[in-house]
Protein chains: 2
Amino acid sequence: MLRVPFTEMINEFKRILLSNGLTQERAALCARLFAEASCDGVYSHGLNRFPLFVRYIREGHVRVNESPEKISGFGSMESWDGRFGPGNLNAHFSMNRAIELAQELGMGCVALRNTNHWMRAGAYGWQAADAGCIGICWTNTMPNMPPWGSKESKVGNNPLVIAIPRSEGHLVLDIAMSQFSYGQMQNYSQRGDELPVDGGFDQSGELTRDPAAILESRRPLPIGYWKGSGLSLMLDLVAAMLSGGQSTYDIGRNSEAETGSSQVFLAFDLKKLPDWHLLNDRLTEIVADLHGAEPADQGGSIRYPGEGTLRIRQENLQLGIPVEPSIWQQVLDL
Amino acid sequence: MLRVPFTEMINEFKRILLSNGLTQERAALCARLFAEASCDGVYSHGLNRFPLFVRYIREGHVRVNESPEKISGFGSMESWDGRFGPGNLNAHFSMNRAIELAQELGMGCVALRNTNHWMRAGAYGWQAADAGCIGICWTNTMPNMPPWGSKESKVGNNPLVIAIPRSEGHLVLDIAMSQFSYGQMQNYSQRGDELPVDGGFDQSGELTRDPAAILESRRPLPIGYWKGSGLSLMLDLVAAMLSGGQSTYDIGRNSEAETGSSQVFLAFDLKKLPDWHLLNDRLTEIVADLHGAEPADQGGSIRYPGEGTLRIRQENLQLGIPVEPSIWQQVLDL
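Structural notes, computed from the coordinates.

Here is what the cut-offs are and how they apply
Residues numbered from 1 in each chain as written. Chains lettered and ligands numbered in written order. Predicted model: local features only at pLDDT ≥ 70, side-chain atom pairs only at ≥ 80, totals over all residues. Heavy atoms only, no water. Helix = DSSP H or I, 4+ residues; strand = E, 2+ residues; numbered from the N terminus. Rg over C-alpha atoms; globule rule 2.2 N^0.38 Å. Buried < 20%, exposed > 50% of the residue type's maximum accessible area, 1.4 Å probe, protein only. Lys, Arg positive; Asp, Glu negative; His and termini not counted. Charge placed at Lys NZ, Arg CZ, Asp CG, Glu CD. Arc of directions from axis to C-beta. Contact = heavy atoms within 4.5 Å. Least-squares fit on C-alpha atoms with pLDDT ≥ 70 in both. Pairing = 2+ DSSP bridges. Axes fitted to C-alpha atoms, helices over the stretch in contact; angles between N-to-C directions. Core = buried A, V, L, I, M, F, W, Y, C linked by side-chain atoms within 4.5 Å. Phe/Tyr/Trp six-rings, centres within 6.5 Å; stacked < 30°, edge-to-face > 60°. Lys NZ or Arg CZ within 6 Å of the ring centre and 35° of its normal. Salt bridge = Lys/Arg side-chain N within 4 Å of Asp/Glu carboxyl O. Buried area = accessible area lost by both parts, 1.4 Å probe. Nonpolar A, V, L, I, M, F, W, Y, C, P; charged D, E, K, R; others polar. Right-handed = clockwise from strand over helix to strand, strands pointing away. Parallel < 35°, antiparallel > 145°, perpendicular 65-115°, else oblique.

A word on the overall build of chain A. Per the secondary structure count, chain A includes twelve helices and eleven strands. By the compact-globule yardstick of 20 Å for 334 residues, chain A fits well, its C-alpha radius of gyration being 20 Å. Of all 334 residues assigned to chain A, the portion counted as buried reaches 61%. Distance between charge centres in chain A, computed from 29 positive and 38 negative side chains, equals 5 Å.

Quick look at the structure:
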C-alpha cells in the first residue's frame, strides 16, 4: 500500500488549487481540509473526492473565489449566501462565524444557502470543538433516498454532526441519514460482500443486505426506517427555511449536479457556563463508564463517536496517509 | 370502545391535580397537557400515564409546586434548574422561555436540569410552532438501551423533537432513539404480533422481530444501529453539559425511578428572517411534492411528520378520546 505524508498531500492539493485560480490563503485552507479528511480516515471525501472537486471547478459549479455574503442577521441568528464558492471553505467560514456569535452571545446560528458539497461533514464539528464549543451542523443534499413508504428518491441523506470538546479527544458524531451511502454499497458490492445489516429494499420490495440489489432498486434505507426518513426531511426543511435557500426538492429540480445546498451551523460556547471547568472531568467519567459496558461479543469494545478518528489520525500522521495509487497518480497529473 | 370528551378529561385530571396540591393555574395547564397527549393519539403519555404521574407525586419524585429557577444566562443561552417539578410544566415553561429569547435575539436556547419526565415530547414542538418558531428539543432518560457493541443498557432512548410552523398544519417530528419503546414491544407481544422490522437482539445475539425475545434480552435496537447509538449518547451529553445536570449515566446511578433528567429547548423565530412571509408557501409546495412520491405499495401514501396527528386530533375532538375503560375508571377513582 502506498502512503503519502500529510504535508506532501497538502502541498500537492495546494499546487492544483492555485493553478485553478484560488488565492494563496484560500488554496492553503482548502488543501488542508481535503488532506485532513484523508488523514482522519474519511478517504471518500478527501483525496478520493479531489478529482471530482476540480472537475466541478472547471465545469463552473464551484466558483473558486466566491465567499459567503451576509443576507440578514438578528441577534445570534444570521443568514449567509455562499455564492456557490468551494463548499469546504464556505462551511469552515460559517462555523467560524457561529463560534464568533457564540463567544459574543452564548450561542450562534449561521444558516448558509447557495453553497456546494462541504466534503467531510465532521470537519466542522472538530472545528467547533477545537474552539471549546459544542458544535451542531447539518447539510441538505440532492434527493438520494425514498421517503418511508415510497420508492421514489425525494429526500436527501443530509449528514448531521454533533461535536463536544474534550481535552483527551473530542466526541464527534458524523452520520448521514441513510444507513449506507451509495459509495459504501459500491465498495461492498465490488468486494462481493454482504452489508452487515439491512441496507435497503430489493426490486421486489423486500429488505436486503445485498448491496447490488439496492444499487439496482435505488431504494437505500433511512436510519431507523420511518424515523430517519422523517428526520431527514426535517433537517432539510430547517436548513432551507433558516437560510432562505434550496431544499432537497429544489436541488433535485434545478440541477443534475449537487450544487446550491443549504446548511445550518450552531455553536454553543461552553466557557459561558458557570461550571464549564468541571465539564471535562464529567465527560471523562462518562466515557470511562461507556468503555466498561459489557460487550455483546467476547473481546469486543464499546467506542464513543470520534474515538476511532484519533487513532487513525495518529497512525496516518506517523506512517503517511494510505492512498489508492491510481487516484494519487491522477491527482499528481492534474 | 369508550370515548371521553376532551374537556371532561381535562376537568377530571384537574380535579385530581388540585387534590394533590397543585395550584389552580398549574393544575389547569398540567391537566391540559395530559389531555392533549391523549387527544393527539399519544395515549401512552396522556391518560395511560396519568396514574403513574400521580404516584410519582405521592412518592415525592415530582414536587408539585416547584418551578424552574434560573442558574445562568449569557445572551441567547440560559440554564435553568427544574427543582424536580412536574416534567410537563417545566418543559412547557422552558420552551416558552426559549421562544421569548428567540423573539428578542433571533434564537434561544434553554437547558434545563433536575426535571422529571416531560411526558409527550412532541407537545413542546407544537408549542414552538404555534408561536411561529422552529422548535428543536430533546431530553435524556434513564439507561434503557445498550450502546452499539454492548449488551448492557448504558444509553437512553432520549426523544428528539423538530417542529416547523405551517398554517395548514405544523410539521412535527417526535422520535425516540430506540426503534421501539418497551411499551410498544409489550403491546405487540400481548397481541401476539411480530414487530414490523427488527427491533433488537434475542438472547443468542441475533437480530429479531420477536418482541418477547427482546423484552427478555433487554437489548432493544437503536435507530440505524451504531448511528442511533452515537446520536443518543451525544444528545444526552449535550443536554447534561449545557444544563449542568445529570447525564443518563448519572440518572441510572442515582435513582431507581427516572427523575432528575436534563433537557434542551431551542427556538428560532422565523419572523426575524427577511423572507419569512414566503416560507409557508414554500413548505406547502414541498409537502405537495412529497405527497406525490410514488408509493412503494399500490394505494400507499407518503406522509410528513405530524400529519397523522392532525387527523387523530380532529376525530378525537369530535367523537371523544378513546380510553381503556379500566384505566379511565382508575383515574375516576383517584
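Right, let's get into helix α12 (residues 325-332) of chain A. Residue and element names in this part refer to chain A. Regarding α12, the residues found buried are I327, W328 and V331. Buried residues of α12, seen end-on, are gathered within an arc of 100° and therefore sit on one face of the element. Where α12 is buried, its residues touch β1 (2-4), α1 (6-19), α3 (50-58) and β11 (321-323).

Of the transformation superimposing chain A on chain B, the axial component is 0.0 Å and the angular component is 180°, with the fit at an RMSD of 0.0 Å. Taken together, these values place the two copies in the relation of a two-fold axis. No C-alpha of chain A lies nearer the rotation axis than that of G224 of chain A, which sits 2.4 Å from it. Taken together, the interface assignments show that 100% of the residues at the interface of chain A recur at the interface of chain B, consistent with an identical surface on both copies.

Residue and element names in this part refer to chain A. Taken in spatial order, the seven strands line up as β2-β3-β4-β10-β5-β6-β7 in an open sheet, and their pairing is mixed. Single-partner strands in this sheet number two, and they are β2 (69-74) and β7 (171-175). In this sheet, adjacent strand axes meet at a mean angle of 10° when their direction is disregarded. Across five bridges, the pairing between strand β3 (residues 77-81) and strand β4 (residues 107-116) is parallel. The partner of M77 across the bridge, within β4, is C109. Each of β3, β4, β5 (133-139), β6 (160-164) and β10 (259-269) touches helix α8 (residues 226-243); the most contacted strand, β10, lies at about 90° to it.

One recurring pattern in soluble globular proteins: nonpolar side chains tend to sit buried together. Ranked by internal contacts, the top residues of the largest apolar core, which has 128 residues, are L242 of chain A together with L242 of chain B. The contact partners of L242 of chain A, leaving out residues within four places of it in the chain, are M77, S79, C109, A111 and V264 of chain A together with I134, F268, L270 and L273 of chain B.

Centre-to-centre distance and the angle between the planes together describe a pair of aromatic rings. For the structure shown, the criterion picks out 30 aromatic pairs over all chains. Taken together, a centroid distance of 6.2 Å and an interplanar angle of 70° make the contact between F180 of chain B and Y188 of chain B edge-to-face. A relative accessible area of 3% means that F180 of chain B is categorised as buried. Under the relative-accessibility criterion, Y188 of chain B is labelled partly exposed at 22%. Among the aromatic side chains, those forming a connected cluster through ring pairs are W148, F201, Y225 and W226 of chain A together with F180 and Y188 of chain B. One cation-aromatic arrangement involves R219 of chain A over F201 of chain A; the distance from NZ or CZ to the ring centre is 4.3 Å. Above the face of the Y188 of chain B ring, R191 of chain B is positioned so that its terminal group lies 4.9 Å from the ring centre.

This paragraph deals with the sheet that holds strand β2 (residues 69-74) of chain B. Residue and element names in this part refer to chain B. The seven strands lie next to each other as β2-β3-β4-β10-β5-β6-β7, forming an open sheet whose pairing is mixed. Edge positions in the sheet fall to β2 and β7 (171-175), since each of these pairs with one other strand and no more. When the angles between neighbouring strand axes are averaged without regard to direction, this sheet yields 10°. Contacts from helix α8 (residues 226-243) reach β3 (77-81), β4 (107-116), β5 (133-139), β6 (160-164) and β10 (259-269), with the element oriented near 90° to β10.

Our next topic: the side chain of T248 of chain B. All names here are of chain B. Relative to the helices and strands, T248 resides in helix α9 (residues 248-254). Using a relative accessible area of 0% as the deciding quantity, one classes T248 as buried. For T248, the residues in contact, after removing those within four places along its chain, are N140, T141, M142, P143, K154, V155, G156, N158 and D236.

What follows deals with the pattern of salt bridges. Residue and element names in this part refer to chain A. The full count for this structure, using the stated rule, is 42 salt bridges over all chains. Here R191 and D193 are joined by a salt bridge, their closest N and O atoms 3.2 Å apart. Residue class for D193 comes out partly exposed when judged on its relative accessible area of 35%. Salt bridges here are not isolated pairs; linked through shared partners, they connect K70, E78, R97 and E100.

So, about the interface of chain A and chain B. Quite often, the size of an interface is put as the accessible area lost when its parts meet. Between chain A and chain B, the contact holds 85 residues from the first and 85 residues from the second. Across the interface of chain A and chain B, roughly 7,100 Å² is buried in total on both sides, 73% from carbon and sulfur atoms. Contact with chain B buries area across many residues of chain A, yet K227, M234 and M241 of chain A alone supply 10% of it, more than any other trio. Taken together, the connections running from chain A to chain B amount to six salt bridges. For the salt bridge of D250 of chain A with R282 of chain B, the shortest nitrogen-to-oxygen distance reads 3.1 Å. Looking at which element gives the most residues to the side of chain A that touches chain B, the answer is α8 of chain A, with twelve residues. In terms of residue class, the side of chain A that touches chain B is made up of 52 nonpolar, 17 polar and 16 charged.

Residues and elements named next belong to chain B. For M119, which is not glycine, the phi torsion reads 65° and is therefore positive. Relative to the assigned elements, M119 resides in the loop between β4 and α5 (122-130). Given a relative accessible area of 8%, M119 falls into the buried group.

Below, the discussion takes up the pairing of β4 of chain A. All names here are of chain A. Counting buried residues in β4 gives ten out of ten residues, a clear majority hidden from the surface. A crossover connection joins β3 to the parallel β4 through helix α4 (residues 87-105); in handedness this β-α-β unit is right-handed. The sheet contact formed by β4 and β10 spans eight bridges and is antiparallel. In the sheet register, V110 faces β10, and the bridge partner there is F265.

What follows deals with the side chain of Q127 of chain A. Relative to the helices and strands, Q127 of chain A is located in helix α5 (residues 123-130). If we ignore the near neighbours within four places in the chain, the residues touching Q127 of chain A are A91, H92, M95, N96 and I99 of chain A.

Turning our attention to the packing of helix α1 (residues 6-19) of chain B against helix α3 (residues 50-58) of chain B. Residues and elements named next belong to chain B. Between α1 and α3, whose axes approach to 11 Å, the crossing angle comes to 10°. Taken together, the axis directions place α1 and α3 in an arrangement best described as roughly parallel. Packed against α1, whose contacting residues are F13, I16 and L17, the element α3 presents F50, F53, V54 and I57 at the interface. Per-class residue counts for the contact of α1 with α3 are seven nonpolar, no polar and no charged.

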